[in-house]
Structure formats: structure tokens, C-alpha cells
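The primary structure of each chain is shown beneath.
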Amino acid sequence: MVDDNELGLFLRTRREAITPDEVGLPAGPRRRAPGLRRSEVAALARVSVEYLTRLEQGRDRRPSPQVLAALAGALKLSAGERAHLLRLTKVSDPAYNCLGGDTLPARTVRPTVRSLLDRLDPTPAALLNRLSDILAHTAGYERLMGPIGLLDGVQPNVARFVLTDERARVAYPDWEHVADEEVAALKQGPFRADPHIAAFADDLTVTAGEVFTRRVETVPGLPGASGVLRLVHPLAGHLRLDYEVMDLAADDDQRLVVLLPADLETTAALDRLAAPPVHLLAG
């Protein structure tokens, strides 16, 4: 069983990611670790170093709203990060499940969402549930991801492909970052408090091994909502794609991933993939 100190992990990784300059402190000499020292964050948040240490080590998981607000300010958290911080204090209570019990991961697609995907075509776009199962996708997404192997099998799953399929390491030049993001997406929300996510995590613990378990212990459950994905396509070559991840309504329990060309070369390559094949007439 991996450590479930998600609150402490998030606080520590955010502390290590922020620089003294960002909070108006001198960098000073002899900084052996990245980011801020615990003493600096404690002073900025006006809490004791001992209390911050207990939070990071998981010995206290229920800070007050006032302490959370102070830590969020000290760590310069964004609105999304503040919401994530609050959610982590809720899921530390084993009696809490924001899904309302043993809710099955969504596998059906609302007609209006399917219609939206139809309208998005030929843009590569896919609909995923909280297990990262691909429930529906555009033809453009199939042209893009089919040749790399992502859509193989009865139930394609992005996290399983990235973490367990060797073809993913070829397709994604930034595989380490892509793997981090997939684990972060699985950890977002209740994680092992959700029995379906817990069962999937147990499966990945066996099939992916240290590639997965190390990330569970070190990557906070806050995936990026946008960024640039580099892809090596067997037909189109090296591509750079801007991605946007949009959560649907809570009742849907799904997210829409849209991929857009990030440069003119990728635009031209996607146009070539979408072009119908040319049939030469016999003379």
C-alpha cells in the first residue's frame, strides 16, 4: 500500500516549487534544497514550523480554513490550487466521498456531448471518464492516436497505455511528463477512497510497477488543464499540439480533451492526415 498523505505531498511540492524571489525574500547563500524552507513558509503563513512539519508529514490532516487560507497565500496558490487544497482536507476524512458512495465510472455519452464531438471534427478530441477510459472520440483523434497504438483493445485507456505500453515511450518524447500527468489525473479527487480508482491503481501497481508507484508517492493530484504535447507520429512525423482539458458537469464525471496544432508545421501535418487518399487511374 502506498502512502496516502496527499495533503502533505501537495504542500511540500508547492513549497519546493516556489522561489524566494516570488514571495519577496532574498535567495541567500547555502540553499541545499529547491524552493522555500519550512521556516520561511511558516513565517509567511504565521504558523509554527512544528505545525507545518506535522502537516507535511501527515501527522495532522485537518487544518482549519484560516490556516489553509494562510498557507495558500504564503505559497501563492492559484484559484485551482486553492480548490485542490481544500478538497485534500476533505478526502483525508475516510467517511467522505464526493462521489456519494460506490458510483460506477461513467461509460455512457450524453447525446449532446456526442453531437459536440461531431461538431469538433476534424479536430482531434476525446471524451474520458475518471479512470481515463476513452469513451468517444472524433475521427481526427483516431487518425492521430490510432497509429501510435493508443486505441488498441476493446476499452482503450490513456493511463494504461502511457504507463504500461512501450510504444508510448516512442510516441511521447516527453514521456516522463506525460506519465506524471496521467498519474496526477488519477489521483485528482478521492483516489483510493474511490473503490474503482483503488482497483485500477492496484492493477497498475502490478502491470506498471515502480513507474506507477513512484509517481503515486511523489506527484500531487493536480494535472495541468492545458499545455503542449509533443508526439512522434508514424505517418506525420514530429508534432506539437496544444491541449485543453475541460471537465463536464459533475453528474457526467467526464472530461473532454481537445488537441490543437501548436505551429504551422503541425497544422500542415494534420491537414495531410485528414486528406482523402489519392487513387491513380490506370492508363
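First, a word on what this report is: a plain description of the structure on this page.

Of the regular secondary structure elements, the protein chain holds 13 helices and five strands. Dimensions of the protein chain along its principal axes, counting C-alpha atoms only, are 85 × 45 × 35 Å. Going through the 283 residues of the protein chain one by one, you find that 45% of them count as buried. Within the protein chain, contacts between residues at least 6 apart in sequence are counted, and of these 55% link residues at least 24 apart. Accessible area of the protein chain: about 15000 Å², with a carbon and sulfur share of 55%. Between the averaged position of the 34 positive side-chain charges in the protein chain and that of its 39 negative side-chain charges there is a distance of 6 Å.

What follows covers the layout of surface pockets. Roughly 1100 Å³ of volume is contained in the largest pocket. Around the largest pocket, the lining comprises 40 residues; the ones closest to its centre are A185, Q188, V245, D247 and R255. Elements represented by at least two residues in the lining of the largest pocket include exactly β1 (125-129), α7 (139-145), α8 (158-164), α10 (175-187), β3 (226-233), β4 (237-247) and β5 (254-261). The element best represented in the lining of the largest pocket is α10, accounting for six residues.

This part is about unusual backbone geometry. Going from D121 to P122, the amide bond is cis rather than trans, its omega being 15°. Position of P122 among the secondary structure elements: in the loop between α6 (111-120) and β1. Of note in this structure, K76 is not a glycine but carries a positive phi near 55°. Position of K76 relative to the elements: it lies in the loop between α4 (65-74) and α5 (79-91). Residue class for K76 comes out exposed when judged on its relative accessible area of 51%. Even without being a glycine, S132 presents a positive backbone phi close to 70°. With respect to the helices and strands, the residue S132 is situated in the loop between β1 and β2 (134-137).

In terms of residue burial, β1 counts as a mostly covered element, since five of its five residues are buried. On β1, burial covers both faces: A125, L127 and N129 on one face and A126 and L128 on the other are all buried. Sheet analysis places β1 next to β5, joined by five bridges and oriented antiparallel. Looking at the pairing, A125 lines up with V258 of β5. Sheet topology places β1 next to β2; three bridges connect them, and they run antiparallel. For L127, the partnering residue across the bridge sits in β2 and is A136. Taken together, β1 and the strand that follows it, β2, pair antiparallel across an intervening segment of four residues, in which S132 is found at a positive phi of about 70°.

On to the pairing of β3, then. One ladder, built from eight bridges, connects β3 with β4; its direction is antiparallel. If you follow H233 over to β4, its bridge partner there is G237. In sequence, β3 turns back onto β4 through a hairpin of three residues.

With that settled, consider the packing of aromatic side chains. Applying the stated criterion across every chain, the model contains zero aromatic pairs. The ring centre of W175 lies 3.7 Å from the NZ or CZ of R169, which sits over that ring.

Across the sheet, which stays open at both edges, the five strands sit in the order β2-β1-β5-β4-β3 with antiparallel pairing between neighbours. At either end of the open sheet lies a strand with only one pairing partner, and these are β2 and β3. Direction aside, the axes of adjacent strands within the sheet are offset by 30° on average. Bridge analysis of β4 against β5 gives seven bridges, and the strand direction is antiparallel. From the neighbouring strand, E244 faces β5, where its bridge partner is V258. Docked against the sheet, α6 engages β1, β2 and β5, running at close to 155° with respect to β1.

Along the chain, F10 turns up in helix α1 (residues 6-17). Separated by 64 residues in sequence, F10 and A74 have C-alpha atoms that sit 14 Å apart. For F10, the contacting residues outside a window of four places in its chain are L77, E81, H84, L85, L88, P220 and L222.

This part covers the nonpolar core. The biggest cluster of nonpolar side chains holds 43 residues, and the ones touching the most others in it are Y141, M145, L150, Y172, F212 and L231. Contacts of L231, omitting those with residues within four sequence positions, involve L144, M145, I148, A171, Y172, P173, G237, H238, L239 and L241. Within the second largest apolar cluster, 22 residues are counted, among which are I18, L36, L52 and A74.

Each value, and the rule that gives it
- Residues numbered from 1 in each chain as written.
- Predicted model: local features only at pLDDT ≥ 70, side-chain atom pairs only at ≥ 80, totals over all residues.
- Heavy atoms only, no water.
- Helix = DSSP H or I, 4+ residues; strand = E, 2+ residues; numbered from the N terminus.
- Buried < 20%, exposed > 50% of the residue type's maximum accessible area, 1.4 Å probe, protein only.
- Contact = heavy atoms within 4.5 Å.
- Areas by Shrake-Rupley, 256 points an atom, 1.4 Å probe, with all protein chains shown as cover.
- Lys, Arg positive; Asp, Glu negative; His and termini not counted.
- Charge placed at Lys NZ, Arg CZ, Asp CG, Glu CD.
- 1 Å grid on protein atoms, 1.4 Å probe; cavity = no way out; pocket = protein on both sides within 12 Å on 5 of 7 lines; lining within 4 Å.
- Points joined across faces, edges and corners; volume = space filled by probe spheres on them.
- Pairing = 2+ DSSP bridges.
- Phe/Tyr/Trp six-rings, centres within 6.5 Å; stacked < 30°, edge-to-face > 60°.
- Lys NZ or Arg CZ within 6 Å of the ring centre and 35° of its normal.
- Axes fitted to C-alpha atoms, helices over the stretch in contact; angles between N-to-C directions.
- Core = buried A, V, L, I, M, F, W, Y, C linked by side-chain atoms within 4.5 Å.

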